[in-house]
Structure formats: structure tokens, C-alpha cells
Amino acid sequence: MKMVKDEKNRSASQRLWSVVAVVLILMAGVLLPGCEKKTAGPTEKVAEIKIGTDDGCVSALTHFLPDAAYGFVISGFDRASVGVALSGGGDSLTGRALYRFDISDWNDGTITFHCRCISRTGAPDSIEVYVIDDFGSLPASPGSDPQDVSATWNLLNTGVKVGEISPIAGNWFEISIPNAVVQEKKTGEGYLAIMLKLSNEEIGADNAYDLSTYEYAESRHENKPYLAWNE
């Protein structure tokens with residue numbers, strides 16, 4: 001009788017651990033997609049954002065657009081805004097995200113841009129992705145008063161549109177950049193710059209995406225925005 005009882009206890013214990021294992025697997029399936037670390041394949045090169053001043057956003061006071069761009073060029077924050085949001089003072093700001101990568105090791109072929117959408121507010125339209133002329137290192141501090149940011153804002157006019165995406169909050173997205181565009185826009189120092197804007201910037205406030213930045217990834221021990229290509 002004791003052997004039968006022990007066998008029943010073992011069976012019950014095994015069933016319990018089976019249930020626990022299934023729950024843990026399901027939890028991992030829910031939690032991992034937005035936080036997974038990128039591991040380069042044997043023939044793949046990856047170029048992450050190297051420093052905090054290589055990504056950020058340019059935000060312009062919506063009231064003055066499109067005739068003038070007054071606002072802030074921002075780096076050092078844990079997200080970059082794409083769309084229309086309200087400032088702490090109640091002003092409407094239209095934001096565009098900025099990223100630049102050192103691709104000195106790139107020689108030829110398509111490059112894929114990877115970034116994480118942190119959150120989505122309201123019902124913004126899709127994001128347009130442009131490869132633009134290099135904007136250089138962004139200022140470490142945006143200052144307290146709006147400035148003329150047209151030099152950065154108007155870099156869109158130098159851009160080549162390479163794709164459009166409606167990202168899902170919490171997920172990574174990717175856009176392919178053709179070889180010819182990389183050849184055209186890569187600087188002599190080996191940098192490639194990207195701007196992301198809302199397809200409809202005339203939408204009302206509180207319609208925006210927040211995208212990952214160097215600081216966001218550093219604080220959460222996950223991948224920074226990156227470019228990838230095959231050697």
C-alpha cells in the first residue's frame with residue numbers, strides 16, 4: 001500500500017511540475033518578443049547606435065508649421081517621439097525621430113533598420129522612414145526655450161523614402177534600405193542617417209509613437225536600435 005501511495009504522490013508531483021512548466025513557457029512567449037537580444041549570425045554585421053547623441057528627435061511647435069520650425073532638437077532621453085504630442089506647458093509639438101549609425105564596415109548590399117516601438121498614443125497614421133543627409137551629433141541638452149530647428153527639420157528634403165510602417169507597441173519593426181540608397185547617402189566618415197515622421201503630421205495632438213533610443217536600451221539591458229547586413 002505504501003508503494004502505491006508513493007507512486008500516486010510522484011504522479012501528482014509530476015503533473016504539478018508539468019503545469020508549472022507550461023505556464024512558464026506561455027509567460028516567456030508573452031514577455032520575450034519585445035525584449036529579445038539580437039545575436040548576429042555568422043555572416044551578418046550589426047551596427048548599433050554607439051552613443052546617446054547619435055539618436056533622438058526634432059520637435060517643432062505645430063502652430064508655426066509648415067512656414068517655420070521652432071522647437072527643440074533632443075537627445076539623451078529614453079524615447080524618441082514620432083507624431084503630435086502636448087508639451088508640459090500645453091503646446092502642441094510635432095516630432096520626428098533621428099538615428100545615425102557608423103557603417104564603416106559596410107561594403108555592399110541591402111541594409112535593414114531595426115527599432116522598437118515602445119508605445120502608441122491615440123490613433124496616429126503610419127510612420128514614413130527616410131534616409132537623409134547626416135545631421136552629426138545631436139546636442140546633449142535641448143535648452144529651455146524654443147530655437148530655430150529648421151536646419152534639422154528640413155533634412156527631410158534631402159531624404160529618400162525607403163518604407164512605411166505602422167508599428168505595434170512593444171514590438172520591434174524593420175525596414176530594408178536598398179544598396180543604391182546606402183551608396184548615395186553614406187558619408188565619407190561612414191555614417192548613415194535616418195529620419196522617421198508621421199505620414200499625416202496635420203493630425204491633432206496626442207497621436208504619436210514613442211520609439212526606442214540608446215538610453216532606453218541601456219537602462220533595460222536590451223538591444224539598441226541597429227542596422228544589419230550580410231557580409
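Residues numbered from 1 in each chain as written. Predicted model: local features only at pLDDT ≥ 70, side-chain atom pairs only at ≥ 80, totals over all residues. Heavy atoms only, no water.

Regarding the layout of surface pockets
One water molecule sets the probe size; rolling that probe over the atoms shows where empty space is left.
Right, so step 1: Of the volumes computed, that of the largest pocket is approximately 350 Å³.
Right, so step 2: Considering the residues around the largest pocket, the lining is formed by 16 residues, among which Cys 57, Ser 59, Ile 74, Ser 81 and Leu 93 are closest to the centre.
Right, so step 3: When its residues are assigned to classes, the lining of the largest pocket shows 9 nonpolar, 4 polar and 3 charged. (1 Å grid on protein atoms, 1.4 Å probe; cavity = no way out; pocket = protein on both sides within 12 Å on 5 of 7 lines; lining within 4 Å. Points joined across faces, edges and corners; volume = space filled by probe spheres on them. Nonpolar A, V, L, I, M, F, W, Y, C, P; charged D, E, K, R; others polar.)

What to know about the nonpolar core
Right, so step 1: Of all hydrophobic cores here, the largest spans 36 residues; its most connected members are Tyr 99, Phe 113, Ile 177, Leu 196, Leu 211 and Leu 227.
Right, so step 2: Once you skip the residues sitting within four places of it in the chain, Phe 113 turns out to touch Tyr 99, Phe 101, Phe 173, Glu 174, Ile 175, Ile 177, Ile 194, Leu 196, Tyr 226 and Leu 227.
Right, so step 3: By size, the runner-up hydrophobic cluster in this structure holds 15 residues, among which are Ala 60, Tyr 130, Leu 156 and Ala 193. (Core = buried A, V, L, I, M, F, W, Y, C linked by side-chain atoms within 4.5 Å. Buried < 20%, exposed > 50% of the residue type's maximum accessible area, 1.4 Å probe, protein only. Contact = heavy atoms within 4.5 Å.)

Here we look at the state of the cysteines
Linking two cysteines covalently via their sulfur atoms produces the bond known as a disulfide.
Right, so step 1: The full count for this structure, using the stated rule, is 0 disulfides.
Right, so step 2: Distance from the sulfur of Cys 115, which forms no disulfide, to the nearest cysteine sulfur (Cys 117) is 8.3 Å.
Right, so step 3: Judged by relative accessible area, Cys 115 falls into the buried class, the value being 0%. (Disulfide = S-S within 2.5 Å.)

Examining the side chain of Ser 75
Right, so step 1: Relative to the helices and strands, Ser 75 resides in the loop between β3 (70-74) and β4 (80-86).
Right, so step 2: Residue class for Ser 75 comes out buried when judged on its relative accessible area of 3%.
Right, so step 3: At 2.6 Å, the side chain of Ser 75 forms a polar contact with the backbone oxygen of Pro 139.
Right, so step 4: Not counting the four nearest positions on each side in its chain, Ser 75 is found in contact with Gly 52, Thr 53, Asp 55, Gly 56, Leu 138, Pro 139 and Ala 140. (Helix = DSSP H or I, 4+ residues; strand = E, 2+ residues; numbered from the N terminus. Polar contact = N/O pair within 3.5 Å; in protein donor to acceptor, adjacent residues only side chain to side chain.)

A few points about unusual backbone geometry
Right, so step 1: The residue after Leu 65, namely Pro 66, is reached through a cis peptide bond having omega 5 degrees.
Right, so step 2: In this structure, Pro 66 sits in the loop between β2 (55-61) and β3.
Right, so step 3: For Asp 206, which is not glycine, the phi dihedral falls at a positive 65 degrees.
Right, so step 4: Here Asp 206 is to be found in the loop between β11 (191-198) and β12 (207-211).
Right, so step 5: Residues other than glycine seldom take positive phi values, yet His 221 does so here, at roughly 55 degrees.
Right, so step 6: Mapped onto the secondary structure, His 221 falls in the loop between α4 (214-220) and β13 (226-230).
Right, so step 7: Residue class for His 221 comes out exposed when judged on its relative accessible area of 67%.

Remarks on the packing of aromatic side chains
The geometry of an aromatic ring pair is captured by two quantities: the separation of the ring centres and the angle between the planes.
Right, so step 1: Using the criterion set out here, one finds 5 aromatic pairs in the structure.
Right, so step 2: Ring centres of Phe 64 and Tyr 70 lie 5.6 Å apart, and the angle between their planes is 70 degrees; this geometry places the pair in the edge-to-face category.
Right, so step 3: Taken together, a centroid distance of 5.8 Å and an interplanar angle of 50 degrees make the contact between Trp 172 and Tyr 226 tilted. Pair noted here: Trp 172 is in strand β10 (residues 172-177) and Tyr 226 is in strand β13, with a separation of 54 residues, a long-range link.
Right, so step 4: The exposure class assigned to Tyr 226 is buried, which follows from its relative accessible area of 6%.
Right, so step 5: Following the ring pairs from residue to residue traces out a cluster consisting of Tyr 99, Phe 101, Phe 113 and Phe 173.
Right, so step 6: Note that Arg 96 overlies the ring of Trp 153, its terminal NZ or CZ placed 3.6 Å from the centroid.
Right, so step 7: Above the ring of Tyr 191, the side-chain terminus of Arg 100 is found at 3.8 Å from the ring centroid. (Phe/Tyr/Trp six-rings, centres within 6.5 Å; stacked < 30°, edge-to-face > 60°. Lys NZ or Arg CZ within 6 Å of the ring centre and 35° of its normal.)

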